[in-house]
Amino acid sequence: MARDPEPPRDAERSDAERSDAEPSGVPAATDALSLADEYTVPTGYWHPLPDGRIQCDVCPRACKLHEGQRGLCFVRGRVADQIVLASYGRSSGFCVDPVEKKPLNHFLPGSSVLSFGTAGCNLACRFCQNWDISKSREIETLSSAASPEALAVAAQRLGCRSVAFTYNDPVIFMEYAMDVADACRERGIRAVAVSAGYVNAAPREEFFRHMDAANIDLKGFTDAFYEKVTFSKLPVVLETLEYLATTGVWYEITTLLIPGQNDSDAELAQQCAWLVEHLGVDVPLHFTAFHPDFKMRDIERTPPQTLRRARRIAQEHGLRHVYTGNVHDPEGQTTSCPGCARPVVVRDWYVMRDYQLTDSGACVHCGTQLPGVYDGPVGDWGSRRMPVRLADPGRIGTGNHDRRAPR
Ligand code: SF4
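Residues numbered from 1 in each chain as written. Predicted model: local features only at pLDDT ≥ 70, side-chain atom pairs only at ≥ 80, totals over all residues.

Within helix α7 (residues 234–244), burial applies to Val237, Thr240 and Leu244. For α7, the angular spread of the buried residues around the axis is 55°, confining them to a single face. With respect to the buried face of α7, the exposed residues turned more than 90 degrees away are Pro235 and Glu242. Residues of α7 that are buried in the fold lie against α5 (201–209), β13 (213–217) and β14 (250–257). (Buried ≥ 20, exposed ≤ 12 C-beta atoms within 10 Å, placed from the backbone. Helix = DSSP H or I, 4+ residues; strand = E, 2+ residues; numbered from the N terminus. Arc of directions from axis to C-beta. Contact = placed C-beta atoms within 7 Å.)

See below:
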């Protein structure tokens, strides 16, 4: 896959980010699925097929499984004639980041976010920037553990205003993510999903009901790119974006630009025209730089001028908040007031250089309200990333995760 470190997706998710999250010593699990495993829980969104297999209905992969088989995402599988999630409460590690790293530039600016992911992914992007996590077939990757309550307490203790499900796509571990989000909300901490948006309608609605913000990867804008390079389908992602536009979830969009693959003027123009028509001019759009990784090591890094070209095209289509990422480009990372055009949030990568908004997100010069979620003074977390170890993982599986769907 999100918005990685794309998440386990984009290059902003650096090698360091991928490797620094601190494990907290969970006993290694076996590869076999078993409901006796405390990290394995029943799920909803599946149905039996006439031929005896069971189909998972979380995402359009529609994995049809025999007893004991895992789905393409690896963390869901069939045991005891039902689909289970085998990574409830297990994580690949925890790290405190600036929220701008997700990237979210209009959501509690300057604040810190407790980030974590699990293993596996329901996409198969050839350019994955977090493939060591997302493509892991080793359950030992999930070397950290935390109950939803323990995570929420840790976020509070660390002064984080939100938690982020990132590094791999949270829709595949939605039962865990939703319970974490609920535990966090009880403590006034928000939940952020970094996702490719490749999810079916019913689980999509349930999942995002528990989220406060999202960054959705729009990986390209042609069916051919999605099918050949990500092995998924563009229309599903567009449906997710259109759905989010009907909710109160704050969302931003990230497109990782890969030279020669998804960065032509024509494709960018089509993408931006669609965004303006279907989502409006206020949705923030991040163009981020690719670095050679996974199965795309033969393509050069994205030149900064490509990011600037894409930003210019988006602005020409009317999008008001377009950013460049994974490069030093203060101009491309600055938020300008849509009312008076003055720079109101000046950033260089994740460093905030200037902030000219009120506590509620209005321009101090002309009073125009900026789109987004603003709730108090700007944060001062800066660009730090801090791996953390959760000392008390708490009791796993205490949440409301038994969501068997009606069959
Ligand atoms: S969530 Fe996983 S098991 Fe379910 S359909 Fe998607 S890839 Fe397959």
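Here the focus is helix α9 (residues 304–316). Taking 1.5 Å of rise per residue, the 13 residues of α9 would be expected to cover 18 Å, and the 19 Å separating its terminal C-alpha atoms lies within 8% of that figure. Listed as buried for α9 are Thr306, Leu307, Ala310, Arg311, Ile313 and Ala314. Summarising the axial view, the buried residues of α9 lie within an arc of 160°, below the 170-degree limit, and thus occupy one face. Away from its buried face, by an angle of more than 90 degrees, α9 presents the exposed residues Gln305 and Glu316. One or two positions beyond α9, positive phi appears at Gly318, with a value near 110°. (Expected span 1.5 Å × (residues − 1).)

If you trace the 9 strands from one edge of the open sheet to the other, you get β16-β15-β14-β13-β12-β11-β9-β8-β20, paired in mixed fashion. With one partner strand each, in any of the chains shown, β16 (322–325) and β20 (386–388) form the two edges of the open sheet. For this sheet, the mean inter-axis angle between neighbouring strands, taken without regard to orientation, is 25°. The pairing of β13 with β14 spans 5 bridges and is classified as parallel. (Pairing = 2+ DSSP bridges. Axes fitted to C-alpha atoms, helices over the stretch in contact; angles between N-to-C directions.)

Pairing between the strands of a sheet is mediated by backbone hydrogen bonds and can be parallel or antiparallel. Judged by pairing direction, the sheet is antiparallel, and its 3 strands sit side by side in the order β17-β18-β19 without closing on themselves. Two strands close off the open sheet at either side, each with one partner strand: β17 (335–336) and β19 (351–355). Where strand β18 (residues 343–348) meets β19, 4 bridges bridge the pair, whose relative direction is antiparallel. Of the residues in β19, the one forming a bridge with Asp348 is Val351.

Time to look at the pairing of strand β12 (residues 190–195). Across a regular strand the side chains alternate sides, sitting on one face of the sheet and then on the other. Counting buried positions along β12 yields 6 of 6 residues, so the element is predominantly enclosed. Relative to β12, strand β11 (residues 162–165) is paired through 4 bridges, and the arrangement is parallel. Counterpart to Ser162 in the pairing with β12 is Arg190. Where the polypeptide runs from β11 across helix α4 (residues 174–185) and back to β12, its parallel neighbour, the crossover connection is right-handed. (Right-handed = clockwise from strand over helix to strand, strands pointing away.)

Moving on to the confidence of the model for the protein chain. Here the protein chain averages 86 in pLDDT, and 84% of its residues register 70 or above. Overall, residues 1–30 carries pLDDT values under 50, and its contacts beyond four positions in sequence, including any with other chains, amount to 125 contacts. (pLDDT = per-residue confidence, 0-100.)

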